Amino acid sequence: MIASLPSRLILDRSALVENWRWLSRVSGKAACGAAVKADGYGLGAAEIVSALSDAGCRDFFVATWAEALALGRLPDGAMLSVLHGVRDNEMMFARAGLAVPVLNSAAQVARWKAAGGGLCHVMVDTGMTRLGVSAADIASGLLDGLMIDTLMSHMACADEPDHPMNAKQLSLFQSLCAVVDACRYSLANSAAICLGGEYSFDLTRPGIALYGGIQSEKAEGHIRQVARLEAEILQIRTAQAGETIGYNATYTADADMRIAILNIGYADGYRRGFSSVGQAMADNQSFPVIGRVSMDLTAVDVTAVPNINEGDWLAVDYDLKRASEQSGISQYELLTGLGRRYQRQWI
Ligand SMILES: *Cc1c(COP(=O)(O)O)cnc(C)c1O
């Protein structure tokens, strides 16, 4: 690593673990797993697996075999599962026991059976119309003879508690559980865990809520932010009344102002949606973003605080719920888009 980078992500291990514990409590008797796909929603899957397995989490989900390979062997007793199933050229990883595939299609089931079977999971589509075998596939005997650890399905609208899809998916899944022989059944992502105990079955699969995302009113006050963004001030400058700031001159100083230029921009995931609406903070004071966020730099108004200087660090407000409302970008995209230029520091 070169000398310390001028932007960093401070990652709070105890917030992560407390979030998992809360989700685990709300999951009731069901085991609580963790979705760590997309490198742990951008925060670092290896550290997350290590922290959560220390806390007692046993079920981890990645999207692809590349993600499984990057993680390597999990601690004893933990199970890694690959949500996208297994393609022909990935069978060697599955056969080697690197992870357990979630079979999603008739072709994947056939491939698995042809290779001799072994423990697998199956995804059934109950209304998402994304990955998964269909109820009709199941009725026709597609799954006969498989050794299924977990039969799972995925919720489409769980972040809208009153959406009729929720009860519809629940009831279809319940009817499939009655006819498919599996060790465990699993339906709930973060939002569905908050819909009620009947959604939890034997295993829940939260992702976003582990990392501070709030998808349900019920989670507010319980889920803590895990990632804090900080950026260094590269320059302090003044703008005189009438001068404009940044690309396309979208902001005009109406009086003389003091401006800090921060080492963060949309290439770091600090999206253009924060232009003139986001804020940075230090010592309980907040500094509004002024003008367009550019690729690598963002200007904030520090007129109110004369003792802020070049080389100082400011926190950049990234409270996921508020930031999502401000920028119009989903909490998922805010996290997974964070980019590679931060120094990631677990505390
Ligand atoms: C991503 C994913 C999850 C986790 O969803 P969150 O909304 O982040 O809690 C659970 N199950 C499946 C199949 C997923 O793809």
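This text goes with the structure placed above it.
Residues numbered from 1 in each chain as written. Predicted model: local features only at pLDDT ≥ 70, side-chain atom pairs only at ≥ 80, totals over all residues. Heavy atoms only, no water.

Asker: Which residues make up the overall build of the chain, and what are the values?
Answerer: Looking only at helices and strands, the chain features eleven helices and 19 strands. Summarising its shape, the C-alpha atoms of the chain cover approximately 75 × 45 × 35 Å along the three principal directions. A total of 347 residues make up the chain; the buried ones form 53% of that total. Excluding contacts between residues fewer than 6 apart, the proportion of contacts in the chain whose partners are at least 24 apart in sequence is 64%. If you sum the accessible surface of the chain, you get close to 15,200 Å²; carbon and sulfur atoms cover 50% of it. Averaging the locations of the 29 positively and 37 negatively charged side chains of the chain gives two centres separated by 4 Å. (Helix = DSSP H or I, 4+ residues; strand = E, 2+ residues; numbered from the N terminus. Buried < 20%, exposed > 50% of the residue type's maximum accessible area, 1.4 Å probe, protein only. Contact = heavy atoms within 4.5 Å. Areas by Shrake-Rupley, 256 points an atom, 1.4 Å probe, with all protein chains shown as cover. Lys, Arg positive; Asp, Glu negative; His and termini not counted. Charge placed at Lys NZ, Arg CZ, Asp CG, Glu CD.)

Asker: Describe in detail the packing of aromatic side chains, supporting the description with residues and values.
Answerer: Given two aromatic rings, their pairing is described by the distance between the two centres and the angle made by the two planes. Applying the stated criterion to the full structure yields five aromatic pairs. Measuring from centroid to centroid gives 5.0 Å for Phe173 and Phe201, while their planes differ by 80°, and the two rings are edge-to-face. You can see Phe173 sitting in helix H8 (residues 164-177) and its partner Phe201 sitting in the loop between helix H9 (190-193) and strand S10 (203-204), a full 28 residues away along the chain. Look at Phe173 and you get buried, because its relative accessible area is 0%. (Phe/Tyr/Trp six-rings, centres within 6.5 Å; stacked < 30°, edge-to-face > 60°.)

Asker: Give me the lowdown on the nonpolar core, citing residues and values where you can.
Answerer: Membership of the largest hydrophobic core comes to 101 residues, with the highest contact counts inside it found for Val36, Leu52, Phe60 and Leu143. Here Leu143 is in contact with Val109, Lys113, Val122, Ile138, Ile148, Leu151 and Val180, once residues within four sequence places are set aside. In terms of nonpolar packing, the next biggest core, distinct from the first, is built from eight residues, Ile245, Met257, Ile261 and Ala299 among them. (Core = buried A, V, L, I, M, F, W, Y, C linked by side-chain atoms within 4.5 Å.)

Asker: Lay out the site of the ligand in plain terms, naming residues and giving numbers.
Answerer: Around the ligand, the surrounding shell holds 14 residues, and the nearest of these are Lys37, Tyr41, Ser190, Ile208 and Tyr332. Measuring from an oxygen atom of the ligand, one finds a side-chain N or O atom of Asn189 at 3.3 Å. Within the side chain of Tyr332, an N or O atom sits 2.6 Å from an oxygen atom of the ligand. Notes on the ligand: free accessible area 390 Å², of which the protein chains cover 93%. (Near = heavy atom within 4 Å. Polar contact = N/O pair within 3.5 Å; in protein donor to acceptor, adjacent residues only side chain to side chain.)

Asker: How would you summarise the pairing of strand S1 (residues 7-11) if you had to cite specific residues and measurements?
Answerer: Burial of S1 is extensive: four of the five residues sit out of reach of the surface. Here S1 pairs with strand S19 (residues 343-346) via four bridges, running parallel. Following the sheet pairing, Leu9 is matched in S19 by Arg344. (Pairing = 2+ DSSP bridges.)

Asker: Which residues make up the environment of Ala182, and what values do they have?
Answerer: With respect to the helices and strands, Ala182 occurs in the loop between H8 and strand S9 (184-186). For the pair Ala182 and Ala260, spaced 78 residues apart in the sequence, the C-alpha separation amounts to 58 Å. Setting aside its immediate chain neighbours within four residues, Ala182 contacts Ile148, Asp149 and Leu151.

Asker: Which residues make up the side chain of Gln343, and what values do they have?
Answerer: Relative to the helices and strands, Gln343 resides in strand S19. Discounting chain neighbours no more than four positions away, the residues touching Gln343 are Ser4, Leu5, Ser7, Arg8 and Leu9.

Asker: Go over unusual backbone geometry, please, and point to the residues and values.
Answerer: Trans peptide bonds make up the majority, and among non-glycine residues the majority have a negative phi. In this model, Ala38 sits at a positive phi of 50°, which is unusual for a non-glycine residue. With respect to the helices and strands, the residue Ala38 is situated in helix H2 (residues 37-41).

Asker: Let's hear about the environment of Tyr318: which residues, and what values?
Answerer: Within the element layout of this structure, Tyr318 appears in the loop between strand S18 (313-316) and helix H10 (320-327). Spatially, the C-alpha atom of Tyr318 lies 24 Å from that of Ala192, the residues being 126 residues apart in sequence. If sequence neighbours within four positions are ignored, Tyr318 has contacts with Gln225, Leu229, Gly269, Tyr270, Phe274, Ala323, Leu334 and Leu338. Among the polar contacts made by the side chain of Tyr318, one reaches the main-chain carbonyl oxygen of Leu334 at a distance of 2.7 Å.

Asker: Explain the side chain of Asp125 to me, and be specific about the residues and the numbers.
Answerer: Along the polypeptide, Asp125 turns up in the loop between strand S7 (119-123) and helix H7 (135-139). Buried charged residue Asp125 carries no salt bridge. Nearest counter-charge: Arg130, at 7.1 Å. (Salt bridge = Lys/Arg side-chain N within 4 Å of Asp/Glu carboxyl O.)

Asker: Break down the pattern of salt bridges for me, with residues and values.
Answerer: For the structure on display, the rule yields 14 salt bridges. Between Arg340 and Asp39 there is a salt bridge; the shortest N-O distance is 3.7 Å. Residue Arg340 is found in the loop between helix H11 (331-336) and S19, and its partner Asp39 is found in helix H2; the two are separated by 301 residues along the sequence. Taking the relative accessible area as the measure of exposure, Asp39 reaches 32% and is therefore partly exposed. Among the salt bridges present, the one from Arg341 reaches Asp268, with a minimum N-O distance of 2.8 Å. With a gap of 73 residues between them, Arg341 in the loop between H11 and S19 and Asp268 in the loop between strand S14 (257-262) and strand S15 (279-282) connect regions that are remote in the sequence. On the basis of relative accessibility, which here comes to 37%, the residue Arg341 falls in the partly exposed class. Taking relative accessible area as the criterion, Asp268 reaches 2% and is therefore assigned buried.

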